[in-house]
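Report on the structure
Letter by letter, the chains look like this.
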Amino acid sequence: MQSIGVGLIGTGYMGKCHALAWNGVKPVFGDGPRPRLVHLAEIDADLAARRAAEFGFERATANWRDVVADPEVEVVSITTPNALHAEMALAALAAGKHVWCEKPMAVTLADAERMAAAARAAGRVAALGYNYIQNPLIRHIGALLAAGTIGVVNHVRFEMDEDFMADPEAPFSWKSDAASGYGAPDDFGVHPLSLIAVLFGGVARVMAQLAKPYADRPLAGGGRRAVATFDSACVLMELRNGATGIMALNRAAWGRKGRLAFQIFGSGGTIAYDQERMNEFQLFTASGDPAEQGFRTVLTGPVHPPYERFIPAPGHGLGFNDLKLIECHELLNAVAGRPARIIDFAAGLGIERAVHAIVRSHREASWFDV
Ligand SMILES: NC(=O)c1ccc[n+]([C@@H]2O[C@H](COP(=O)([O-])OP(=O)(O)OC[C@H]3O[C@@H](n4cnc5c(N)ncnc54)[C@H](O)[C@@H]3O)[C@@H](O)[C@H]2O)c1
């Protein structure tokens, strides 16, 4: 396969991130087909045409179904608000396209189940936007856990905090609308859950408390609208490997910009990581002279694949958009039938089940199996 035809639906924050990945994946990795940026959709024709010119797409439309129906499009990036993922992914799979859909997979569990079934029936690659699992250091931490470097893991703590909802006067957006889902559990929780899935095989049961720090938000045209989603969550977890865990989520955490932090405690050591400092992790091993024990900081470098594809020198650092580019390459590996590190719709359904168990647990004030 010399080239692969790409469609893109939505050109906001994530749409640009996907476009950068499609544009960069061949120069960075060298292998695989060259993406041909064929057709892009936005909500109005002018914006679509402007973005197509900026991102390098050949055609633009204000009707996303044109992208799905385009015979030259082989894979569709879906980067629209959550409420649209299911309809768009189902249509793309029905048209025989591979799909790269942003998280969360869907708003309802029934839709997520339909998407997983459709991907299975279509025999196409259907990958989700769980970019944080692509950090070379997360891969390395997975290898350390598998090698028993910190012994048997018995407890984990995950936190995800940002402050884009911290201002009580921030305008009402789709993220506060019930149509987007639950808020903290699916907007944020799915990211730590994706890391838990690749590092520990997932969550077995949960007990959760969700909260809305602000009852309403101002509307652009005046007046205020009640906030339907939860901005924070506290979740007790039992992981599939038997370890206990805590997950704390907050979209209204002043000062936190992109914190996705965890500590993994084992019988022989501890690993700590924070996405705000995504080019390093901390490792403590309970070995050697206790008088000289302590956490050491490991910086990312060419010894942590696929860092070397971007930069030959260690310690210079990758960025958030690079994780999406690595995800794009893994998607292309899957399309080519090669082993691929992606969370596909089948695996993503497990994450959705955890999200819905968290919400049920909150509503019924009880532990729930995932
Ligand atoms: N993987 C990540 O780290 C990550 C980060 C942020 C957002 N996301 C996810 O990406 C998705 C989009 O979020 P965002 O922050 O990019 O939102 P955004 O508002 O910046 O962009 C969404 C875009 O979709 C367009 N759009 C809406 N309806 C459309 C339609 N019917 N046809 C074509 N285009 C349409 C909007 O005009 C907008 O440009 C969400 O599901 C979100 O959860 C993922």
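Since the model is a prediction, treat every value here as computed from it, not as a measurement.

**Examining the overall build of the chain**
Of regular secondary structure, the chain possesses 11 helices and 17 strands. Since a compact globule built from 370 residues should have a radius of gyration of about 21 Å, the 21 Å found for the chain is in line with a globular shape. Dimensions of the chain, computed from the C-alpha atoms along their principal axes, are close to 65 × 50 × 40 Å. Out of the 370 residues in the chain, the part that is buried amounts to 46%. Taking as baseline every contact in the chain between residues at least 6 positions apart, the subset at least 24 positions apart corresponds to 67%.

**Re the site of the ligand**
Close to the ligand lie 21 residues, the nearest being Gly-10, Gly-12, Tyr-13, Met-14 and Glu-102. Tallying contributions element by element places helix H1 (residues 13-29) first for the shell around the ligand, with three residues. Residue classes in the shell around the ligand are distributed as eight nonpolar, nine polar and four charged.

**Regarding the sheet that holds strand E5 (residues 98-101)**
Ordered in space as E3-E2-E1-E4-E5-E6, the six strands form an open sheet in which the pairing is parallel. The outermost strands of the open sheet, each flanked by one partner alone, are strand E3 (59-61) and strand E6 (126-128). Averaged over all neighbouring strand pairs, the angle between strand axes comes to 20°, with direction disregarded. Helix H2 (residues 45-55) contacts strand E2 (34-41) and E3 of the sheet and is inclined by roughly 165° relative to E2.

**Quick word on the domain arrangement of the chain**
According to the domain assignment, the chain contains domain 1 (3-131) and domain 2 (132-369). With 36 residues of domain 1 at the interface, the matching set in domain 2 holds 35 residues. Elements represented by at least two residues in the side of domain 1 that touches domain 2 include exactly H1, E5, helix H5 (109-122) and E6. With nine residues, H1 is the largest single contributor of residues to the side of domain 1 that touches domain 2. Within the side of domain 1 that touches domain 2, the residues separate by chemical class into 26 nonpolar, seven polar and three charged.

**Observations regarding H1**
Counted at 1.5 Å a residue, the expected span for H1 with its 17 residues is 24 Å, and the 24 Å between its end C-alpha atoms agrees. Of all the bends in H1, the greatest, near 35°, is centred on Asn-23, and the proline Pro-27 appears no more than four residues after it. Burial in H1 covers these residues: Met-14, Gly-15, Cys-17, His-18, Ala-19, Ala-21, Trp-22 and Val-25. If you follow the buried residues of H1, they end up packed against strand E1 (3-9), E2, H2, strand E4 (75-78), E5 and helix H10 (320-335). Trailing H1 by a residue or two, Gly-30 shows a phi angle of about 80°, which is positive.

**Looking at unusual backbone geometry**
Residue Lys-103 is joined to Pro-104 through a cis peptide bond whose omega torsion reads -15°. Within the element layout of this structure, Pro-104 appears in the loop between E5 and H5. Following Pro-305, the chain continues into Pro-306 via a peptide bond in cis, with omega recorded as 0°. Notably, Ala-365 is not glycine yet its phi reads approximately 50°, a positive angle. Within the fold, Ala-365 resides in the loop between helix H11 (345-364) and strand E17 (368-369). Residue classification places Ala-365 among the exposed positions, given that 9 C-beta atoms sit within 10 Å.

Rules of the game
- Residues numbered from 1 in each chain as written.
- Predicted model: local features only at pLDDT ≥ 70, side-chain atom pairs only at ≥ 80, totals over all residues.
- Helix = DSSP H or I, 4+ residues; strand = E, 2+ residues; numbered from the N terminus.
- Rg over C-alpha atoms; globule rule 2.2 N^0.38 Å.
- Buried ≥ 20, exposed ≤ 12 C-beta atoms within 10 Å, placed from the backbone.
- Contact = placed C-beta atoms within 7 Å.
- Near = placed C-beta within 6 Å.
- Nonpolar A, V, L, I, M, F, W, Y, C, P; charged D, E, K, R; others polar.
- Pairing = 2+ DSSP bridges.
- Axes fitted to C-alpha atoms, helices over the stretch in contact; angles between N-to-C directions.
- Domains from an automatic or database assignment.
- Expected span 1.5 Å × (residues − 1).
- Bend = angle between axes of the 7 residues up to and from the residue.

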